[in-house]
Amino acid sequence: MSAPIFFRTTLAGVLMLAATGFASELDDLLNQKLRGAWAVLEVEVYSGCAGTYSNNQVSEAGVTSKARYRFEPGELVKVDKLNAKRQRVDLMLSLDVPRRTSRREGPFELFDDLECQVQLIVPIAREDIKSSNDAAVIARFEDLITLYPSLEDARESDAWNGREIGPLPADYDQTLARYAVWKAEQTNAAIAEAVRRAIDDAADVADSLSDDAEYLEGFGEGAEAMSSFATTDCSSLLGTSFAFHDSSPPKTKTKRWRDGWRDGQELIFNILLAERLQACRVQVPPIP
């Protein structure tokens, strides 16, 4: 006779809590011994270099990941944290040397030094997790990283692959200064164009106003409703339009009333948009 569903569910919960307790104890042991340590990677790893730890699955066949950038074995890393799970330990690492990427923006070639992190997902025997066998886990890590007393020791080792980022172009400070001028001018030009469109749209509505009583009543209600338009973020203002903010009039109203409602909303929207965009203009730095 099978066990009642409630009993089976409760037993599964108890076992899960027990496994969590074992992992937590192992977490503490591993972090006490390894957190903050410097090491050299013995395997290739991958990272998106985007401010988060990229998953790297460790198996007998090697390391697999969907992250964008590949790094050869021999990278210098710092152990940030270790997380023990039921059948694995996650090794959270930060690469010491950034990855330099280049991009073009307008007429400029710009460089970004990206900080890169990886999460090595290491399968560990369940028995070692349950017994908090930190020595066995650390021994498993020996295939993946070699620990050193300090960053200097790691750099002096033959295991380091020697990757460094080279110097920036000699005139890069001037490039950045000219880029800042260009970027500010581009921003102000985009703002000026958006203000022009808003003023033109407001003028088009004003030119089509009617003196019909129903229209004017709907116009006043629509204008009042749009006065709650609260967007002030400059990037949002540059990308917005009336279509994103208009609301439907009551269906019980006549067509003339609804026409007035829409025009009232559109006029106030464009007036507020033009006014707020003016405050988004940026100061252009002096030309170097």
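Nothing here was measured: the structure is a model prediction, and the numbers come from that model.

Caption draft 1: Quick look at the state of the cysteines. For the coordinates displayed, the defined rule picks out 2 disulfides. A sulfur-sulfur separation of 2.0 Å characterises the disulfide bridge that pairs Cys49 with Cys116. When the S-S torsion is 105 degrees, as for the bridge of Cys49 with Cys116, the disulfide is right-handed. Here Cys49 is found in the loop between strand E2 (45-47) and strand E3 (53-59), whereas its partner Cys116 is found in the loop between strand E9 (108-114) and strand E10 (117-123), with 67 residues between them in sequence. As far as the burial class goes, Cys49 and Cys116 line up, both buried. Sequence-ordered numbering of the disulfide-bonded cysteines in the chain gives the connectivity 1-2, 3-4.

Caption draft 2: Molecular detail of helix H3 (residues 134-141). For H3, every residue scored as buried is listed here: Asp134, Val137 and Phe141. Buried residues in H3, looked at end-on, bunch into an arc of 65 degrees, giving them a common side.

Caption draft 3: Summary view of the packing of aromatic side chains. Counted by the stated rule, this structure contains 8 aromatic pairs. Seen in terms of ring centroids, Phe242 and Phe269 are 5.8 Å apart; in terms of plane orientation they differ by 55 degrees. Their pairing is tilted. Pair noted here: Phe242 is in the loop between helix H7 (234-239) and helix H8 (255-278) and Phe269 is in helix H8, with a separation of 27 residues, a long-range link. Accessibility expressed as a relative area gives 8% for Phe242, which makes it buried. Among the residues examined, Phe269 registers a relative accessible area of 1% and is labelled buried. Clustering of aromatic rings is evident, with ring pairs tying together Phe108, Tyr179 and Trp182. Above the plane of the ring of Phe71 lies Arg99, whose end atom (NZ or CZ) is 5.8 Å from the centre. Geometry around Trp257 places Lys253 over its ring, the cationic atom sitting 5.0 Å from the centre.

Caption draft 4: Structural view of the side chain of Glu75. Along the chain, Glu75 turns up in the loop between strand E5 (69-71) and strand E6 (76-84). Using a relative accessible area of 2% as the deciding quantity, one classes Glu75 as buried. Among the polar contacts listed, one links the side chain of Glu75 to the side chain of Arg163, at a separation of 2.6 Å. The residues touching Glu75, leaving out its near neighbours within four places in the chain, are Ala39, Val40, Leu41, Leu95, Asn161 and Arg163.

Caption draft 5: Representation of the sheet that holds E10 within the structure. Strand order in the open sheet formed by 7 strands is E4-E3-E10-E7-E6-E1-E11, and the pairing between neighbours is mixed. The open sheet has two free edges, formed respectively by strand E4 (62-64) and strand E11 (145-148), since each of these has just one partner strand. Between one strand axis and the next, the sheet turns by 40 degrees as a mean value, whatever way the strands run. With 7 bridges connecting them, E6 and strand E7 (residues 88-95) associate as antiparallel partners. By the bridge assignment, Ala84 is partnered in E7 with Val89.

Caption draft 6: The arrangement of the packing of helix H6 (residues 213-226) against H8 in detail. In contact at an axis separation of 6 Å, H6 and H8 are set at 40 degrees when each is read in the N-to-C sense. Considering their axes alone, H6 and H8 lie oblique with respect to each other. Where H6 crosses over H8, the two elements pack in a sense that is right-handed. Between H6 and H8, the contacting residues are Glu214, Tyr215, Glu217, Gly218, Phe219, Glu221, Gly222, Ala223, Ala225 and Met226 on the first element and Arg256, Trp257, Asp259, Gly260, Trp261, Asp263, Gly264, Gln265, Leu267, Ile268, Phe269 and Leu272 on the second. Classifying every residue of the contact of H6 with H8 gives 11 nonpolar, 5 polar and 6 charged.

Caption draft 7: Looking closely at the environment of Glu42. Tracing the backbone shows Glu42 in the loop between strand E1 (38-41) and E2. Under the relative-accessibility criterion, Glu42 is labelled partly exposed at 35%. A distance of 2.5 Å separates polar atoms of two side chains, one belonging to Glu42 and the other to Thr146.

Caption draft 8: Inspection of the nonpolar core at higher detail. If you look at the biggest cluster of nonpolar residues, it comprises 31 residues, and the most contacted ones within it are Val89, Leu93, Leu120 and Phe141. In this structure Phe141 touches Leu34, Leu82, Val89, Leu91 and Val122, once residues within four positions along its chain are discounted.

Criteria and cut-off values
- Within any chain, residue numbers begin from 1 and follow the written order of that chain's sequence.
- At least 70 in pLDDT is required for a residue's local features to be given in this predicted model, at least 80 for side-chain atom pairs to be given and counted, and no such filter applies to totals for whole chains, interfaces and linings, which use all residues.
- To obtain the side-chain values, all non-hydrogen atoms of the structure were included, while hydrogens and water were left out.
- Here, two cysteine sulfur atoms that lie within 2.5 Å of each other are counted as a disulfide.
- By definition, any uninterrupted DSSP run of H or I lasting at least four residues is a helix, any uninterrupted run of E lasting at least two residues is a strand, and each is numbered from the N terminus.
- Accessibility here uses a 1.4 Å probe with only protein chains present; expressed as a share of the type maximum, an area under 20% marks a residue as buried, one over 50% as exposed, and anything in between as partly exposed.
- The directions considered for the arc run from the helix axis to the C-beta atoms.
- Only the six-membered ring of Trp is used, alongside the rings of Phe and Tyr, when aromatic pairs are assigned; centres must lie within 6.5 Å, and planes under 30 degrees apart are stacked while those over 60 apart are edge-to-face, with the rest tilted.
- Put simply, a charge is over a ring when the Lys NZ or the Arg CZ is close to the ring centre, within 6 Å, and near the line of the ring normal, within 35 degrees.
- A 3.5 Å cut-off defines polar contacts: any pair of N or O atoms within that distance qualifies, except that in protein one atom must be a possible hydrogen donor and the other a possible acceptor, and neighbouring residues in sequence count only when both atoms are side-chain atoms.
- Should any heavy atoms of two residues lie within 4.5 Å, those residues are considered in contact.
- Pairing between two strands requires that DSSP report at least two bridges joining them.
- Here the axes come from fitting lines to C-alpha atoms, over the contacting stretch only for helices, and the angles between their N-to-C directions go from 0 to 180 degrees.
- These descriptions rest on fixed angle ranges, namely under 35 degrees for roughly parallel, over 145 for roughly antiparallel, 65 to 115 for roughly perpendicular, and the rest for oblique.
- Left-handed describes a crossing in which the near helix is turned anticlockwise from the far one by less than a right angle; the clockwise case is right-handed.
- Amino acid classes used here: Ala, Val, Leu, Ile, Met, Phe, Trp, Tyr, Cys and Pro are nonpolar; Asp, Glu, Lys and Arg are charged; the rest, including Gly, are polar.
- We call a set of buried Ala, Val, Leu, Ile, Met, Phe, Trp, Tyr and Cys residues a nonpolar core when their side-chain atoms join them within 4.5 Å.

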